[in-house]
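A look at the structure
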Amino acid sequence: MQITATGYTIYFEEGRFSLLKAFLSEQVFSSIFILCDTNTKKECLPIFLKKIPKLKNTAIITIPAGEKHKNLHSVEMIWGFLTQHQADKQSLLLSLGGGVVSDIGGFAAATYKRGMSVVHIPTTLLAMADASVGGKNGINFKTYKNHIGTITQPLAVFIYKPFLKTLPPRELKNGFAEILKAALIADASLCKKIYAEKKASYTSHIVRAVSIKNAIVQSDLLEHHARKVLNVGHTVGHAIESYFMYKKKYLLHGEAVAIGICVELCLGKNKGITQAKTAMDAVLWIKKQYTLLRFSKKEIECLIELMQQDKKNKGGRYCFSLLKKTGQALIDIPATDSEIRNAFLLYNNIAHG
Ligand code: ADP
Ligand code: ZN
């Protein structure tokens, strides 16, 4: 199974790795490097090397696991390693890990000698369904999420669901938030299916989520217009994630996005943009699956301040991507501080009412 993206292919394989093996033997690289984090080195690399013995002696670059290491320090370490091992523009970086590894790996590769090739092998649900597709890469800067980065497409993406066997359940639910988002913006019937499932089957809709994302990305590679729909839930979600990034209460990206979707549905409903039923159906489903935090007045003000750095803002104005109805989103919707404040208040009521 494969999906054609802009200039590259996304391959889905169950576990034989034959497509990746064929890909590696068809191309000539001056050297290959594998980028892992400390967990994927332990959980995924042994399986990977067993399946592809040819890579047994490949140099391994390991970064510490976790979003808080998605920073310039990790990138410098990778640049240093590549330089020390004489990587050149014909070298290949294989990123074997979750969204953090593909974001950092994609960024390090895009900037090393102005660009070397990267192939993503995502190992989390979030990276399979979302992060490894579309070419966005980057790092966090100070308290701002993904503040520095590029949009550079990989040479290929290979998706192997068996890697999910070792992924903790919290991480599966985390990744599912992006699948739900894809369904909300583009596939009403998938939403219906998800809402009707007795027990959420988190790993069933990866191919559909990738094809939704890929179709949107292909229509607007550099996010000038259509691609912004993928940001549903993310203006608020990123602010929440940034807010908690350096606190003891650490929220995962998808957990923050799930809350972000709820708050933005409240915003859309208040503004008369989002159908009331769309908002209620989604918020009630999310409420059953995720922990919906309550935000104090002070926290809401901090979150609004963090949103001032959102990449979609124009001329100092907040710009949201909001749902019109299930399966359809609108972009470039301006909102004021007080509208956002009221959306949080409605969210607090629904989430805890
Ligand atoms: P995300 O993919 O959600 O953006 P990360 O790349 O940080 O985030 O991955 C989430 C966590 O799961 C990290 O601690 C990472 O090391 C770990 N991880 C990634 N893939 C696997 C896997 N297949 N099995 C077990 N742990 C994994
Ligand atoms: Zn996201």
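Residues numbered from 1 in each chain as written. Chains lettered and ligands numbered in written order. Predicted model: local features only at pLDDT ≥ 70, side-chain atom pairs only at ≥ 80, totals over all residues. Heavy atoms only, no water.

1. A short note on the site of ligand 1
By nearness alone, 17 residues border ligand 1, and D37, G99, T123, T124 and T166 come closest of all. Contacts to ligand 1 include F163, whose backbone N or O atom sits 2.9 Å from a nitrogen atom. Separating a nitrogen atom of ligand 1 from a side-chain N or O atom of T166 is a distance of 2.7 Å. In isolation ligand 1 offers 550 Å² of accessible surface; the protein chains occlude 89% of this area. Considering every element that reaches the shell around ligand 1, the biggest residue donor is helix α2 (residues 38-43), with 3 residues. Its residues placed into classes, the shell around ligand 1 shows 6 nonpolar, 8 polar and 3 charged. (Near = heavy atom within 4 Å. Polar contact = N/O pair within 3.5 Å; in protein donor to acceptor, adjacent residues only side chain to side chain. Areas by Shrake-Rupley, 256 points an atom, 1.4 Å probe, with all protein chains shown as cover. Helix = DSSP H or I, 4+ residues; strand = E, 2+ residues; numbered from the N terminus. Nonpolar A, V, L, I, M, F, W, Y, C, P; charged D, E, K, R; others polar.)

2. Topic: helix α5 (residues 99-111)
Taking 1.5 Å as the rise per residue, α5 with 13 residues should run 18 Å; its terminal C-alpha atoms sit 18 Å apart, in good agreement. Most of α5 sits out of view: 12 of its 13 residues are buried. Directly beyond the C-terminal end of α5, a positive phi value near 50° is found at K113. (Expected span 1.5 Å × (residues − 1). Buried < 20%, exposed > 50% of the residue type's maximum accessible area, 1.4 Å probe, protein only.)

3. Some points on the packing of helix α10 (residues 234-245) against helix α13 (residues 297-307)
α13 packs onto α10 with a crossing angle of 115° between their chain directions and a minimal axis gap of 9 Å. Overall, the two elements α10 and α13 adopt an arrangement that is roughly perpendicular. Crossing of α10 over α13 shows right-handed handedness. Between α10 and α13, the contacting residues are T235, V236, A239, I240, S242 and Y243 on the first element and E299, C302, L303, L306 and M307 on the second. A per-class count over the contact of α10 with α13 returns 8 nonpolar, 2 polar and 1 charged. (Axes fitted to C-alpha atoms, helices over the stretch in contact; angles between N-to-C directions. Parallel < 35°, antiparallel > 145°, perpendicular 65-115°, else oblique. Left-handed = near helix turned anticlockwise from the far one by under 90°. Contact = heavy atoms within 4.5 Å.)

4. A word on the side chain of D130
Within the element layout of this structure, D130 appears in helix α6 (residues 125-131). In this view, D130 contacts E178, K181 and K213; residues no more than four positions away in its chain are not counted.

5. Notes on the sheet that holds strand β2 (residues 9-13)
Strand order in the open sheet made by the 7 strands is β1-β2-β9-β6-β5-β3-β4, with mixed pairing throughout. The strands lining the two open edges of the sheet, one partner per strand, are β1 (2-4) and β4 (59-63). The average angle at which neighbouring strand axes cross in this sheet is 20°, direction not considered. When strand β3 (residues 32-37) meets strand β5 (residues 92-97), the two strands line up parallel, connected through 4 bridges. Its bridge partner being in β5, F33 is matched across the sheet by L93. Here α5 sits on the sheet and contacts β3, β4, β5 and β6 (117-122); the angle it forms with β5, its principal contact strand, is near 165°. (Pairing = 2+ DSSP bridges.)

6. Structural notes on α13
Residues of α13 that are buried include every one of E299, I300, L303, I304, L306 and M307, and no others. When α13 is viewed along its axis, its buried side chains cluster within an angular range of 160° and face the same direction. Projecting away from the buried face of α13 at angles above 90 degrees are the exposed residues K297, K298 and E305. As for α13, its buried residues are in contact with β8 (144-148), α10, β10 (318-325) and α14 (337-352). (Arc of directions from axis to C-beta.)

7. Some points on the coordination of the zinc ion (ligand 2)
Bound to the zinc ion (ligand 2) on the protein side are E178 (OE), H234 (NE2) and H253 (NE2), at distances that span 1.9 to 2.1 Å. Binding-site remark: the zinc ion (ligand 2) is held by donors from one chain whose sequence spacing is E-x55-H-x18-H. Separated by 19 residues along the polypeptide, H234 in helix α10 and H253 in helix α11 (residues 253-270) bring together distant segments of the chain. For the pair H234 and H253, a shared accessibility class is recorded, and that class is buried. (Donors = N, O, S within 2.8 Å, 3.2 Å for Na, K, Ca; no water.)

8. Remarks on the packing of aromatic side chains
Scanning all chains against the criterion turns up 14 aromatic pairs. Taking the centre distance of 5.6 Å and the plane angle of 85° together, the rings of F295 and F344 count as edge-to-face. Taken as a pair, F295 in the loop between α12 (276-289) and α13 and F344 in helix α14 lie far apart in primary sequence, 49 residues in all. Each member of the pair F295 and F344 is classed as buried. One aromatic cluster is present, formed by F17, F48, Y160 and F163 through successive ring pairs. Over the ring of Y290 we find K173; its NZ or CZ atom is 5.7 Å from the centre of that ring. (Phe/Tyr/Trp six-rings, centres within 6.5 Å; stacked < 30°, edge-to-face > 60°. Lys NZ or Arg CZ within 6 Å of the ring centre and 35° of its normal.)

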